[in-house]
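The chain contents come next:
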Amino acid sequence: MRPSCDPSKFVADVMKEIPPSGIRRFFDLVSGLEDVISLGVGEPDFITPWHIREMCIHSLEKGQTSYTSNYGLPELRDELTRTYYRRYGLDYNPSSEILITTGVSEALDIAVRTVVNPGDEVIIVQPSYVAYMPSVILAGGKPVIVSTHRDDEFSLTAESLKPAITDKTKAIILNFPNNPTGAIMSKEELEDIADLVVENDLFVISDEVYECLTYEGKHVPLSSLEGMKERTVMLNGFSKAYAMTGLRLGFAMGSPEIIHSMMMIHQYCMMCAPVTAQVGAIEALRHGKDEMERMVREYDRRRHFIVRGFNRIGLECCNPKGAFYAFPYIGNTGLSSSEFAERLLDEKKVVAIPGDAFGEAGEGFLRCAYAASTNDIRKALDRMEDFVDGLKQ
Ligand SMILES: Cc1ncc(COP(=O)(O)O)c(C=O)c1O
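A brief structural summary. (Residues numbered from 1 in each chain as written. Predicted model: local features only at pLDDT ≥ 70, side-chain atom pairs only at ≥ 80, totals over all residues.)

1. Some remarks on the nonpolar core
With 115 residues, the main nonpolar core has Ala111, Leu235, Ala252 and Tyr370 as its most contacted residues. When residues in this core are grouped by element, the largest group, seven residues, is from helix α4 (residues 103–115). Residue contributions to this core reach at least three from each of two domains, namely domain 1 (7–47 + 290–387) and domain 2 (62–287). Here Ala252 is in contact with Leu99, Thr101, Ala107, Ala111, Val233, Met234, Leu235, Ile259 and Met262, once residues within four sequence places are set aside. (Core = buried A, V, L, I, M, F, W, Y, C linked by C-beta atoms within 7 Å. Buried ≥ 20, exposed ≤ 12 C-beta atoms within 10 Å, placed from the backbone. Helix = DSSP H or I, 4+ residues; strand = E, 2+ residues; numbered from the N terminus. Domains from an automatic or database assignment. Contact = placed C-beta atoms within 7 Å.)

2. A closer look at the site of the ligand
The immediate surroundings of the ligand are formed by 13 residues, with Gly103, Val104, Ser105, Gly237 and Ser239 found nearest. With three residues, α4 is the largest single contributor of residues to the shell around the ligand. When grouped by side-chain class, the residues that make up the shell around the ligand number three nonpolar, nine polar and one charged. (Near = placed C-beta within 6 Å. Nonpolar A, V, L, I, M, F, W, Y, C, P; charged D, E, K, R; others polar.)

3. Some points on the packing of helix α11 (residues 337–348) against helix α12 (residues 374–392)
Interhelical geometry of α11 versus α12 gives an angle of 110° and a closest axis separation of 10 Å. Classified by the interaxial angle, the pair formed by α11 and α12 is roughly perpendicular. Along its contact with α11, which presents Leu344, Glu347 and Lys348, the element α12 presents Arg383, Met384, Asp386 and Phe387. Within the contact of α11 with α12, the residues separate by chemical class into three nonpolar, no polar and four charged. (Axes fitted to C-alpha atoms, helices over the stretch in contact; angles between N-to-C directions. Parallel < 35°, antiparallel > 145°, perpendicular 65-115°, else oblique.)

4. Some remarks on the sheet that holds strand β3 (residues 121–126)
Pairing is mixed in the open sheet, where seven strands are placed in the order β2-β8-β7-β6-β5-β3-β4. With partners counted over all chains shown, the strands left at the sheet margins are β2 (98–101) and β4 (142–147), one partner each. Adjacent strand axes in the sheet meet at a mean angle of 20°, parallel and antiparallel pairs treated alike. Where strand β7 (residues 232–237) lies against strand β8 (residues 250–253), four bridges are found, and the strand directions are antiparallel. Bridging from a neighbouring strand, Leu235 pairs with Ala252 of β8. (Pairing = 2+ DSSP bridges.)

5. So, the sheet that holds strand β9 (residues 325–326)
With antiparallel pairing, three strands are arranged side by side in an open sheet as β9-β12-β11. Strands at the two margins of the open sheet, each flanked by one partner only, are β9 and β11 (353–354). Sheet topology places β9 next to strand β12 (residues 366–369); two bridges connect them, and they run antiparallel. Pairing of Ala326 across the sheet is with Cys368, part of β12.

6. Here's the deal with the pairing of strand β5 (residues 169–174)
Where β3 lies against β5, four bridges are found, and the strand directions are parallel. Residue pairing across strands places Glu121 opposite Thr169, the latter belonging to β5. The pairing of β5 with strand β6 (residues 203–207) spans four bridges and is parallel. The residue bridging Ala171 from the neighbouring strand is Phe203, located in β6.

Right under this line is the structure:
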């Protein structure tokens, strides 16, 4: 008989450095509980608009089920070129400067792997989306953390970036509008960052997946600033703006050199993004503006509602100007983020994500997605008010 073995010895050492997701832990706690209201998931509560689903169904009926070009369907890349030219005057060549990916998640992974050599430092701005740190570690890079603060409404200042830059710094990962803080950056603020990036000869991976969910002012793509196009790869996708999370479609736009290298990884690990989703994305870009704007107006209403609600119940909340997350301060309750979120779930059956899941700078905060119905948000706020009142007694 052949001897059994411990399979964990086959797991690569680098996996030990990957922290467990602070969000996933909460989903595990929720499973099996009834009457739970979730402000936990970063996912639209809308279904993908019908005209987009219809095009996907139609393409399946026609038997459009084969691989596409590694770069993605040419019609989709053409449509993206037109869209970004129309929106911002950006000029990306559809043949060489756009890659269609399986969500921003894949685009992030392959962008980091394209840019990072072992030992390179990559600046991550926290509180941050949970995938940045693992992506850098898995690529052999060293994450260097820069924190944003509620006094600056969580926007990034060039001053706070400066001390983190060393001669090993290769790139910065930026994400505005931001998950989890809802912060956006003005053109002037981005210009300061761009100056610093150029002075230090850095590259930027700019995750702009919440671009269309900008409620105040106009989104400014980093690549639209002078001298930044060739220093930036913009990651973006259809999950949030068009409520297409499960269709898994994203894209990257950047210089031919970066996009070609990303495509080299993509062709071996993914081959191409799912064709049905690509067909849906073409429809979204061609005819999805009205529906998308309707959803954004609805998020905006909920945004005002939830921020007013938090401030009323004594959880100070700055105004998130983008994405669909409120990030109230709970530090004055005497509980840590994790204690607050765990007890809130246990005692009031409301799911919110503790801010420290997004890095140490998130300690003292709670991430609440307002991509839930107004009714659920109202109920969650009532329960949170009870909870906070209970803490005072
Ligand atoms: C900032 C950010 N980037 C990327 C993603 C992943 O997006 P996708 O569904 O396109 O993979 C998310 C999802 O929550 C996100 O919040």
